[in-house]
Amino acid sequence: MSDGRPAAPVIAIDGPSGSGKGTIAARVAERLGWRLLDSGALYRIVAWAALARGIPLDDPERLAVMTRTLVIEQGAAAVRVDGVDVTAAIREERISVGAAAVATLPEVRQTLRGVQQGMRVAPGLVADGRDMGTEVFRDAELKIFLDASVDERARRRHKQLMEKGSSVSLRDLFASIQARDRSDRNRAVSPLRRAPDAISIDTTQMSVEAVVAEVLKHVETRGLAAGPARSRGGGQEND
Ligand code: C5P
């Protein structure tokens, strides 16, 4: 980014768990032919790898060292860590909880920040997470903050997990989402909050397509959609 060339454009999409940001980011990236960064997956990977290696989730030094050595491949269809396919494993509820725990550690965030910023390549990046617009890509060309009621977010997550064959109760998920919200919004480092220059969209009553259309409208308004990237396919579905 310091080679004199202008940095590739970034669309930062932040919001709480279940706000739809993963799905929306994937669709927008696909439409634009831009790269997708699912930053939550990186925190999930750290939690998964720590649990697999028996490293306590509250040991910042060991977690940071481990994080620096992980070989992460985020492909369109699969996520691999050190060659192991963890696509399904990192979506388990115990990993959601673990990810929120490791995400409170500045040492882990610092290491992952470099990984995330390294993904800013032409023709552009669509990045989703909690601190894309407030910390990692403060200079993003477009910042979107998605939200939805806790009820709706728990229902969406429940549906996703059911489709994957998991059987967590809606009530447990509601409690888990509230606990994660509390942790994400109140942690000392990079808490979840709306960047002052972000556009807020409440997705509670909106379809995925309607939210995608709304984001693309802002992409258009800011002149970000122009260029040869438009015809390229690709992208991935998650969240
Ligand atoms: O988005 P997802 O639910 O996969 O993220 C899992 C956890 O990772 C979140 O609950 C949050 O604690 C953490 N996270 C974060 N910063 C990001 C993305 C995710 O702290 N940019």
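Our subject is the structure that appears above.
Not measured: the values here are computed from a predicted model.

### With respect to the overall build of the protein chain
The secondary structure content of the protein chain amounts to nine helices and eight strands. Computed over its C-alpha atoms, the radius of gyration of the protein chain comes to 17 Å, within 12% of the 18 Å expected for a compact globule of 239 residues. Taken along the three principal axes of its C-alpha coordinates, the protein chain extends 45 × 45 × 35 Å. Within the protein chain, the fraction of its 239 residues that count as buried is 51%. Across the protein chain, contacts joining residues at least 24 apart in sequence account for 76% of those joining residues at least 6 apart. Total accessible area on the protein chain stands at roughly 11,000 Å², and carbon and sulfur atoms take up 52% of it. Computing the positive centroid from 35 side-chain charges and the negative centroid from 32, the protein chain places the two 1 Å apart.

### Describing the pattern of salt bridges
All chains considered together, the criterion is met by 20 salt bridges. Here the salt bridges share partners, and the residues they tie into one network are Arg27, Arg31 and Glu209.

### Observations concerning the environment of Pro6
Mapped onto the elements, Pro6 comes out in the segment before β1 (10-14). In this structure the C-alpha to C-alpha distance between Pro6 and Glu61, which are 55 residues apart in sequence, comes to 35 Å.

### A closer look at the sheet that holds strand β3 (residues 72-74)
Strand order across the open sheet formed by three strands is β3-β4-β5, with antiparallel pairing between neighbours. Either end of the sheet is taken by a strand with one partner, and the two such strands are β3 and β5 (84-85). Sheet topology note: the β3/strand β4 (residues 79-81) ladder contains three bridges and is antiparallel. Following the sheet pairing, Ile72 is matched in β4 by Val81. Here helix α2 (residues 39-53) sits on the sheet in contact with β3, β4 and β5, set at roughly 140° to β3.

### What about the nonpolar core?
Across soluble globular proteins, you tend to see nonpolar side chains buried next to one another. Leu37, Leu63, Met66, Ile90 and Phe137 are the most contacted members of the largest nonpolar core, which has 34 residues in total. Mapped by element, the contributors of at least two residues to this core are β1, α2, α3 (60-69), β4, α4 (93-102), α5 (106-117), β6 (125-129) and α6 (132-136). Ranked by residues supplied to this core, first place goes to α2 with nine residues. Ranked by size, the runner-up nonpolar core spans 23 residues in total, among them Ile11, Ile13, Leu36 and Val126.

### Side note on the site of the ligand
Around the ligand, the structure places 17 residues, and the nearest of them are Arg44, Arg109, Arg130, Asp131 and Asp184. Arg130 is positioned with one of its side-chain polar atoms (N or O) 2.9 Å from an oxygen atom of the ligand. Contacts to the ligand include Asp131, whose side-chain N or O atom sits 2.8 Å from a nitrogen atom. Considering the ligand on its own, with 450 Å² of exposed area, one finds that the protein chains cover 99% of that surface. Taking a 2 Å distance to the grid points as the criterion, the majority of the atoms of the ligand fall inside the largest cavity. Sorting the residues of the shell around the ligand by element identifies α2, α4 and α8 (170-186) as the ones contributing at least two each. The biggest single contributor to the shell around the ligand is α2, with four residues. Looking at the shell around the ligand residue by residue, the class counts come to five nonpolar, three polar and nine charged.

### Considerations on empty space enclosed by the protein
One pass over the full model with this rule turns up two cavities of 30 Å³ or more. In this model, the largest cavity occupies a volume close to 340 Å³. For the largest cavity, the lining is made up of 26 residues, of which Lys21, Gly40, Arg44, Arg130 and Arg180 are closest to its centre. Secondary structure elements with two or more residues in the lining of the largest cavity: α1 (21-32), α2, α4, β6, α7 (150-163) and α8. Considering every element that reaches the lining of the largest cavity, the biggest residue donor is α2, with five residues. In this model, the second largest cavity occupies a volume close to 30 Å³.

### Notes on the packing of α2 against α3
The axes of two packed helices give the description: the angle between them and the distance between them. As a packed pair, α2 and α3 sit with axes 10 Å apart at the nearest point and diverge in direction by 110°. Of the possible angle classes, the one that applies to α2 and α3 is roughly perpendicular. For the pair α2 and α3, the sense of crossing is right-handed. Packed against α2, whose contacting residues are Val46, Ala49, Ala50 and Arg53, the element α3 presents Leu63, Met66 and Thr67 at the interface. In terms of residue class, the contact of α2 with α3 is made up of five nonpolar, one polar and one charged.

The rules behind these values
- Residues numbered from 1 in each chain as written.
- Predicted model: local features only at pLDDT ≥ 70, side-chain atom pairs only at ≥ 80, totals over all residues.
- Heavy atoms only, no water.
- Helix = DSSP H or I, 4+ residues; strand = E, 2+ residues; numbered from the N terminus.
- Rg over C-alpha atoms; globule rule 2.2 N^0.38 Å.
- Buried < 20%, exposed > 50% of the residue type's maximum accessible area, 1.4 Å probe, protein only.
- Contact = heavy atoms within 4.5 Å.
- Areas by Shrake-Rupley, 256 points an atom, 1.4 Å probe, with all protein chains shown as cover.
- Lys, Arg positive; Asp, Glu negative; His and termini not counted.
- Charge placed at Lys NZ, Arg CZ, Asp CG, Glu CD.
- Salt bridge = Lys/Arg side-chain N within 4 Å of Asp/Glu carboxyl O.
- Pairing = 2+ DSSP bridges.
- Axes fitted to C-alpha atoms, helices over the stretch in contact; angles between N-to-C directions.
- Core = buried A, V, L, I, M, F, W, Y, C linked by side-chain atoms within 4.5 Å.
- Near = heavy atom within 4 Å.
- Polar contact = N/O pair within 3.5 Å; in protein donor to acceptor, adjacent residues only side chain to side chain.
- 1 Å grid on protein atoms, 1.4 Å probe; cavity = no way out; pocket = protein on both sides within 12 Å on 5 of 7 lines; lining within 4 Å.
- Sits in = over half its atoms within 2 Å of the grid points.
- Nonpolar A, V, L, I, M, F, W, Y, C, P; charged D, E, K, R; others polar.
- Points joined across faces, edges and corners; volume = space filled by probe spheres on them.
- Parallel < 35°, antiparallel > 145°, perpendicular 65-115°, else oblique.
- Left-handed = near helix turned anticlockwise from the far one by under 90°.

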